[in-house]
Amino acid sequence: MRLPRRPRLLLPVAIALVAIVALFFLFSGIYTDYLWFDAVDYTSVFTGVVLTQIALFFVGALLMVAIAGGNMLLAFRTRPMFGPAMFGGASGADRYRMALDPHRKLIFIVGMGLLALFSGSSFSGQWQTWLQFINGATFGKQDRLHQFDISFYMFDYPFIRMVLNFLFTAVIISIILAAITHYLYGGFRLQSPGVHASRAARVHLSVLLGVFVLLKAVAYWVDRYGLVFSDRGFVHGASYTDVNAVLPAKTILAIIALICAVLFFAGVVRPGGMLPGVSFGLLVLSAILIGGVYPALVEQFQVKPNQQGKEAPYIQRNIEATRQAYNVDKTEVETYNAQADPTKVQPGGDTSVSGVRLLDPALVSSTYEQTQRIRGFYNFAEPLDVDRYPDSAGKLIDHVVGVRELTGPPPEQNNWINRHLVYTHGYGFVAAPGNKVDSSGLPDYDAKDMPVVGPLVTSTNLKEPRIYYGEDDASADYVIAGGNPNNPQELDFPQTGGTGQKNTTYTGGGVGLGSFFNRLLYAAKYTEANIVLSGDVNTNSKILYERNPRDRVQKVAPFLTLDGNPYPAIVDGRIVWIVDGYTTSNDYPYSQSESLDDMTRDTSTDRRVIAQQPSDKINYIRNSVKATVDAYDGTVKLFGWDTNDPVLKTWSSAFPGLIRPASEMSADLRGHVRYPEDLFKIQRYTLSRYHITDPAAFYSGQDFWNVPNDPTQGAQNIKQPPYYLTTTMPGGTPTFSLTTTFVPRQGPNLAAFMAVDSSSGSGYGRIRILRMPSSTPIPGPGQAQNSFQSRFAGELNLLGVGASSVRYGNLLTLPYAGGLVYIEPVYIQVAAGGGQEPYPILQRVLASYGSTIGVGRTLDEALQKVFGTEQQQQENQQNQQNQQNTPNQANTALNSAIANAKKAYEDAQKALQASPPDWDAYGEAQKRLEDALKALEGANAQQPQPAPTASPTASPSPTASPPASPPASPSPTGGTS
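Attention in this report is confined to the structure presented alongside it.

Here we take up the side chain of Thr-650. Looking at where Thr-650 falls in the secondary structure, it is placed in helix H19 (residues 646–654). Among residues more than four places away in sequence, those in contact with Thr-650 are Leu-131, Gln-132, Asn-135, Gly-136, Ala-137 and Phe-155.

Printed below as a string of structure tokens:
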């Protein structure tokens, strides 16, 4: 039955409409991308990448269709003249042919179209390989095996492999399609006995198989160069077996494959299957015996019995290449005869730790949030960041900094207008010196509040405190800003009086929504009709998206790997995000390949507070680019930092003008540059083994190190993160550094201390390792943490009773007084009034040197107790009191001290529960609590001591710390001991 005319017309119309809508959405995605690049002034990147992808797409699609489709057409045109019956009888192929033959043109066109689509897409996805191949810069260094420049392996070899893979795929598909076509149209039959084939089919398939084997010969020859990436040996790179067995085997196999290809081509003129069969058997047999069995025998009977001696030259090559590839070949390793006895040093003249950072950026984020977020729709990043700013005297001090970012409107006001037009940005820069707190234990902010005030604001001349671009999850969403400057509707910051808020109008960059066409495109992109319909979107409106600084830099420079932790800084009066960019590769010959994720994983990444790196394998990295993103208008700038990096030179050639010279960086920006965290983590991972440069010692592995687990995370098996702080290395001056420690593979003692100069001066990037002597056991971080917790359990538990709990801050390790000192801040996490979440307040500082430890309200007080000045005075006073006081007097003093401590604690809790919290009263109560704890310690010492049970010749250690106060009962709220 025929369909009525109208339904028959509606079907193609409906199909056409669906196609038009689909194409419009596809076009909107591509064109809005162009508008974004145009708004940030990087259209050259967009056009460069897109045109390269289009060109590669058509090259890949046309080549695949030409090769595969051409062979299919050739098989059809050379079909037997007398049809399928020439071999006698009918077959199943006849039924398939009769079903498909009426539609063969349509099937061919659709099939080739799909093949072109997939092959073109795959080929265009290799645009980075192509651009590096045609723009590759030389390294000026040669590999140790083939004496080629490193650039051959980094840029040329990947492209050769890409072309070979494409050709292999094309030939295999051609063989399959040609065989199917010959079979359907009678070119050959699978009949007993054997295969009956026409001469045309036999010639065609013989040539294709010959081409395949010829490509295999080329692949065998090219594989010889890939041996520099082998993982067969003790380390990565060509091993003894690779050089002495696999390399000649690949050469022989290439020759054999070439002979086999000739034999396949000989099948063109000689009928029968003997020559192809012989060549195929020869190829398979030689691949098994020469390519597999022979290297395995060499490995088993020559290498393994004497692996250390055989592999030594190749381990040496791996060590040299790995140290160069990870940029640690200039690391300075020096023996540090660390002193462990504080009585044998004079710390008085050493001021290297006087300004050490005590605020832990991972802990005080919630403190900043509760005391400085002002309203519930703002928050701060976790962790906060560490940077340097001058104090009133002009001295650079480590600061813990953050920006107040917007999380979005309150839930009850979460509609489209508020979410995208009103709540558009965060506001303010908050900072506090890392080496001090106020009388209550809170950060001593020098930039705070809304509007931003404080001495740091004045000294940096901050002009624009608004944050339209930030790290918060809300930055993943778009906002529409600008609008009507005469009637501002964007929430700037809350204020008292009037409407309760001050509004503003954005004046920065973005994609204009003045034209209806642009609004229609973005309505399609975000499937949001309000972009077109809303009267609040006008000719002045601009749409802002891709607002995370990492995302913006990644989009502008897709060839870079970015550091997981961008940080904000006040530069030239504006807040900018500084993002470190890396050029990475897994094609550096002889270098050890490792997972990027494994090398950078630690406490921060496991807690998902900073971005994780992908699990890609790399064996080369350089910090080649310093990028900035303006927090107000989103301007992206890329500065070439490592100008000697050939990979950066390659990409600079591919995208001229994209990377600015470092000379264009302002002095203010240079002052805030720091050594990137992820690069340092990768380098410490590498140096845990590759600090050893002797092949024999490397093979034995006796001196390999580990990065210690984070002792503040309890039993969790998570690496301790590196810490930014100002430290003084032996013979040096105080320098802003990134530091870490190592422990032996077996044993808890400290093995080494590592620091890199993170300031932007001439020493930037200088890596130094202080290696501990094996004759003097220096406690490792885990041992130091255990000592802290056990020694001061009583006092710290008393602080953490009731609604409070003890939180340990970052455990810092620094060279000090000829040894190493551990410094750890201790916070009391308190629950304030007004429904606020609990947040930590700094209350104590712990310090240890060797096996001697001390605690104080300040670092100086803790160090005095460690090095005996105050400790000896207290011990003398306690001894005199013990001789004079009676047991009853001791009991009275003990009870009085406990009562005073309890009263001070209750007063502190009342001050916190007030709304708002009474910080003055809290600080005064904390001072009384401290006095009560000291009195408690003294009263405890007055108690009659039991008779010693040890040998009468035993004497107390001259470095013994003051006796601990009696441990309090465990806190019901989980106070840490």
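So, next bit.
What follows covers the pattern of salt bridges. As enumerated under the stated definition, the model contains 26 salt bridges in all. Arg-144 is the salt-bridge partner of Glu-320, the closest N and O atoms lying 2.8 Å from each other. Placement of the pair is Glu-320 in helix H10 (residues 307–325) and Arg-144 in the loop between helix H5 (127–135) and helix H6 (150–184), with a sequence separation of 176 residues. Residue classification places Glu-320 among the partly exposed residues on the basis of a relative accessible area of 33%. Across the pair Arg-232 and Asp-242 runs a salt bridge, and its minimum N-O distance is 3.0 Å. One end of the pair, Arg-232, is in the loop between helix H7 (199–226) and helix H8 (240–266); the other, Asp-242, is in helix H8, with 10 residues separating them in the sequence. Arg-232 gets classed as partly exposed once you look at its relative accessible area, which sits at 38%. Residue Asp-242 is classed as buried on the basis of its relative accessible area of 1%. Through salt bridges with shared partners, a single network forms among Asp-33, Glu-546 and Lys-555.

So, on to the sheet that holds strand E9 (residues 429–433). With respect to topology, 3 strands assemble into an open sheet ordered E5-E6-E9, the strand pairing being antiparallel. The sheet is open, and its two edges are formed by strand E5 (385–390) and E9, each paired on a single side. Across the sheet, the mean angle separating the axes of adjacent strands is 40 degrees when strand polarity is ignored. Inspection of the sheet shows E5 paired to strand E6 (residues 396–403) by 6 bridges, in the antiparallel sense. Bridge assignment links Val-386 to a residue of E6, and that residue is Val-400.

For the rest of this paragraph, the subject is the packing of aromatic side chains. Here the structure, examined in full by the defined rule, presents 52 aromatic pairs. Pairing Phe-139 with Tyr-588 gives two aromatic rings, centres 6.2 Å apart and planes at 70 degrees, and the pair type is edge-to-face. Remark: Tyr-588 occurs in the loop between strand E18 (574–585) and strand E19 (594–595) and Phe-139 occurs in the loop between H5 and H6; sequence separation between them is 449 residues. When sorted by exposure, Phe-139 lands in the same class as Tyr-588, which is buried. The rings of Phe-27, Tyr-31, Tyr-34, Trp-36, Phe-37, Phe-46 and Phe-517 are connected pair by pair, giving a single aromatic cluster.

Next up on the list: the packing of helix H2 (residues 43–77) against helix H4 (residues 104–124). Where H2 contacts H4, the two axes come as close as 7 Å, and the packing angle between them is 145 degrees. You can see that H2 and H4 cross each other, and the crossing is right-handed. By residue class, the composition of the contact of H2 with H4 is 16 nonpolar, 7 polar and 1 charged.

Ordered in space as E11-E15-E14, the 3 strands form an open sheet in which the pairing is antiparallel. Strands with a single pairing partner mark the edges of an open sheet, and in this sheet they are strand E11 (479–481) and strand E14 (511–512). Strand direction decides the pairing type here: E11 and strand E15 (residues 542–544), joined by 3 bridges, are antiparallel. If you follow Ile-480 over to E15, its bridge partner there is Ile-543.

Right, let's get into the packing of H6 against H7. In the contact formed by H6 and H7, the axes pass within 10 Å of each other and the chain directions differ by 160 degrees. Classified by the angle between their axes, H6 and H7 sit roughly antiparallel to one another. H6 and H7 meet at a crossing whose hand is left-handed.

The next point concerns the layout of surface pockets. Looking at the largest pocket, its volume works out to about 770 Å³. Surrounding the largest pocket, 30 residues form its lining, Asn-327, Lys-330, Arg-622, Asp-642 and Asn-644 being those nearest its centre. At 3 residues, the largest contribution of residues to the lining of the largest pocket is made by strand E21 (residues 620–630). For the lining of the largest pocket, the class distribution of residues is 10 nonpolar, 11 polar and 9 charged.

Here we take up the pairing of E18. Most of E18 sits out of view: 10 of its 12 residues are buried. Note: strand E16 (residues 561–562) against E18, 2 bridges, orientation antiparallel. Across the sheet, residue Leu-562 finds its bridge partner in E18, namely Gly-581. One ladder, built from 5 bridges, connects strand E17 (residues 567–571) with E18; its direction is antiparallel. Opposite Ile-570, over in E18, you have Ile-575 as the bridge partner. Taken together, E17 and the strand that follows it, E18, pair antiparallel across an intervening segment of 2 residues, in which Asp-572 is found at a positive phi of about 55 degrees.

Among the secondary structure elements, Val-576 is positioned in strand E18. A residue is classified by how much of its surface remains accessible, and Val-576, at 9% relative accessible area, is buried. The spatial distance from the C-alpha of Val-576 to the C-alpha of Asp-633 is 9.7 Å, given a sequence separation of 57 residues. When neighbours within four sequence positions are excluded, Val-576 is seen to be in contact with Tyr-567, Pro-568, Ala-569, Val-571, Val-629, Asp-630 and Ala-631.

This paragraph deals with the nonpolar core. One broad rule of soluble globular proteins: the nonpolar side chains tend to lie buried together. Of all hydrophobic cores here, the largest spans 151 residues; its most connected members are Phe-429, Ile-480, Leu-638, Phe-655 and Leu-658. With 16 residues, the top contributor of residues to this core is H6. Those residues in contact with Leu-658 that sit more than four places away from it in its chain are Tyr-42, Val-45, Val-556, Phe-559 and Leu-638. Formed by 32 residues, the second largest nonpolar core is a distinct cluster that contains Val-356, Phe-380, Leu-812 and Val-866.

Our next topic: H4. The end-to-end C-alpha separation of H4 is 29 Å, in line with the 30 Å expected for 21 residues at 1.5 Å each. When H4 is considered as a whole, its buried residues turn out to be Met-112, Leu-115, Ala-116, Ser-119, Gly-120, Phe-123 and Ser-124. Taken end-on, H4 shows its buried residues confined to a sector of 145 degrees, consistent with a single buried face. Facing away from the buried side of H4 by more than 90 degrees, the exposed set consists of Leu-106 and Phe-118. Buried residues belonging to H4 abut H2, H5 and H6.

Attention shifts here to the side chain of Asp-630. Mapped onto the elements of the fold, Asp-630 is located in strand E21. Engagement of the side chain of Asp-630 in a polar contact is seen with the side chain of Arg-574, the distance being 2.7 Å. Side-chain polar atoms of Asp-630 contact the backbone nitrogen of Asp-633, separated by 3.1 Å. Those residues in contact with Asp-630 that lie beyond four places of it in its chain are Tyr-469, Arg-574, Ile-575, Val-576 and Thr-635.

A cis geometry characterises the amide bond from Glu-382 onward to Pro-383, with omega recorded as 0 degrees. Its location among the elements puts Pro-383 in the loop between strand E4 (378–379) and E5. The omega angle of the peptide bond from Met-450 to Pro-451 is -5 degrees, so this bond is cis rather than trans. When you line up the elements, Pro-451 lands in the loop between E9 and helix H13 (455–460).

Each value, and the rule that gives it
Residues numbered from 1 in each chain as written. Predicted model: local features only at pLDDT ≥ 70, side-chain atom pairs only at ≥ 80, totals over all residues. Heavy atoms only, no water. Helix = DSSP H or I, 4+ residues; strand = E, 2+ residues; numbered from the N terminus. Contact = heavy atoms within 4.5 Å. Salt bridge = Lys/Arg side-chain N within 4 Å of Asp/Glu carboxyl O. Buried < 20%, exposed > 50% of the residue type's maximum accessible area, 1.4 Å probe, protein only. Pairing = 2+ DSSP bridges. Axes fitted to C-alpha atoms, helices over the stretch in contact; angles between N-to-C directions. Phe/Tyr/Trp six-rings, centres within 6.5 Å; stacked < 30°, edge-to-face > 60°. Left-handed = near helix turned anticlockwise from the far one by under 90°. Nonpolar A, V, L, I, M, F, W, Y, C, P; charged D, E, K, R; others polar. Parallel < 35°, antiparallel > 145°, perpendicular 65-115°, else oblique. 1 Å grid on protein atoms, 1.4 Å probe; cavity = no way out; pocket = protein on both sides within 12 Å on 5 of 7 lines; lining within 4 Å. Points joined across faces, edges and corners; volume = space filled by probe spheres on them. Core = buried A, V, L, I, M, F, W, Y, C linked by side-chain atoms within 4.5 Å. Expected span 1.5 Å × (residues − 1). Arc of directions from axis to C-beta. Polar contact = N/O pair within 3.5 Å; in protein donor to acceptor, adjacent residues only side chain to side chain.

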